[in-house]
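Examining the three-dimensional arrangement
Okay, here's what each chain looks like letter by letter:
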Amino acid sequence: VPLQASGGGLVQAGGSLRLSCAPSGRSSRTYTMGWFRQAPGEEREFVAAISWSGGSTVYGDSVKGRFTISRDNAKNTVYLQMNSLKPEDTAVYYCAADNDYPVVLRTTIYDYDYWGQGTQVTVSS
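Note that residues are indexed from 1 along each chain, following the sequence as it is written. Local features in this predicted model are restricted to residues whose pLDDT is 70 or higher, and side-chain atom pairs enter the listing and the counts only when it is 80 or higher, whereas totals over whole chains, interfaces and linings include all residues. Only hydrogens and water are removed before side-chain values are computed, so all heavy atoms of the structure are retained for them.

Quick notes on the environment of G60
Only runs of H or I of at least four residues qualify as helices and only runs of E of at least two qualify as strands under DSSP, and these elements are numbered from the N terminus. Note on placement: G60 falls in the loop between β6 (57-59) and β7 (67-72). For every residue, the accessible area (1.4 Å probe, protein chains only) is compared with the maximum for its type, and the residue is labelled buried under 20%, exposed over 50%, or partly exposed between those bounds. For G60, a relative accessible area of 9% gives the class buried. Here the alpha-carbon distance between G60 and A49, two residues eleven residues apart in the chain, equals 9.0 Å.

Laid out in structure tokens, this is it:
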């Protein structure tokens, strides 16, 4: 399913941004969803994931306590609220959909089947 991520931009350290991710076409299916990010010259890093119901979430260590993943299934949209942003959060952020419904949310890129095009987040110091 094609995914569309949006909401990126330039923000000062300590600021906030909210990213959104939704299917770019019609999709009635609800997926387990994840957010990843990739800085220049770095590997793609897990940020957060949320179960299809929204009842379960998991976060990467570097964003725990600062980022919150949520979803609105009525709008078929997943959000990533990013607070207390740091310059090291600068990256392209990607949303992804997991074709399965794992009991334990998965955190590697190989577990996700569909990817959005990415949205740039730049945090200035």
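Here we look at the pattern of salt bridges
By salt bridge we mean one thing: a side-chain nitrogen of Lys or Arg within 4 Å of a carboxyl oxygen of Asp or Glu. Counted under the stated rule, the structure contains six salt bridges. Here R37 and D89 are joined by a salt bridge, their closest N and O atoms 2.8 Å apart. Of this pair, R37 sits in strand β4 (residues 32-38) while D89 sits in the loop between β8 (77-82) and β9 (91-98), placing them 52 residues apart in sequence. In this structure R37 comes out as buried when scored by relative accessible area, which is 6%. For D89, a relative accessible area of 1% gives the class buried. The salt bridge partner of D98 is R106, with a shortest N-O separation of 2.9 Å. For D98, a relative accessible area of 0% puts it in the buried group. Take R106: its relative accessible area is 23%, and that puts it in the partly exposed class.

Details of the state of the cysteines
Working definition: the covalent bond between the sulfur atoms of two cysteines is a disulfide. Cysteine sulfurs are considered disulfide-paired once they come within 2.5 Å of each other. Within the structure shown, the criterion is met by one disulfide. Across the disulfide, C21 is cross-linked to C95 (sulfur-sulfur distance 2.1 Å). Here the disulfide of C21 and C95 is right-handed, its torsion about the S-S bond being about 65 degrees. Of this pair, C21 sits in strand β3 (residues 17-23) while C95 sits in strand β9; the two residues are 74 residues apart in sequence, bridging distant segments of the chain.

A few points about the nonpolar core
Among the nonpolar cores identified, the biggest contains 25 residues, and M33, W35, V47, F67, L80, M82 and Y93 are the most heavily contacted of them. Counting residues per element, the ones that place at least two in this core are β1 (3-6), β3, β4, β5 (45-50), β7, β8, β9 and β11 (119-124). Top element by residues in this core is β9. It accounts for four residues. Any two residues whose heavy atoms approach within 4.5 Å at even a single point are treated as in contact. Those residues in contact with V47 that lie beyond four places of it in its chain are W35, F36, R37, V58, Y59, G60, V63, F67, L80 and Y93. Only buried residues count toward a nonpolar core, which is a set of Ala, Val, Leu, Ile, Met, Phe, Trp, Tyr and Cys residues joined through side-chain atoms within 4.5 Å. Judged by nonpolar contacts, the second largest core, of six residues, contains F36, F46, A96 and L105.

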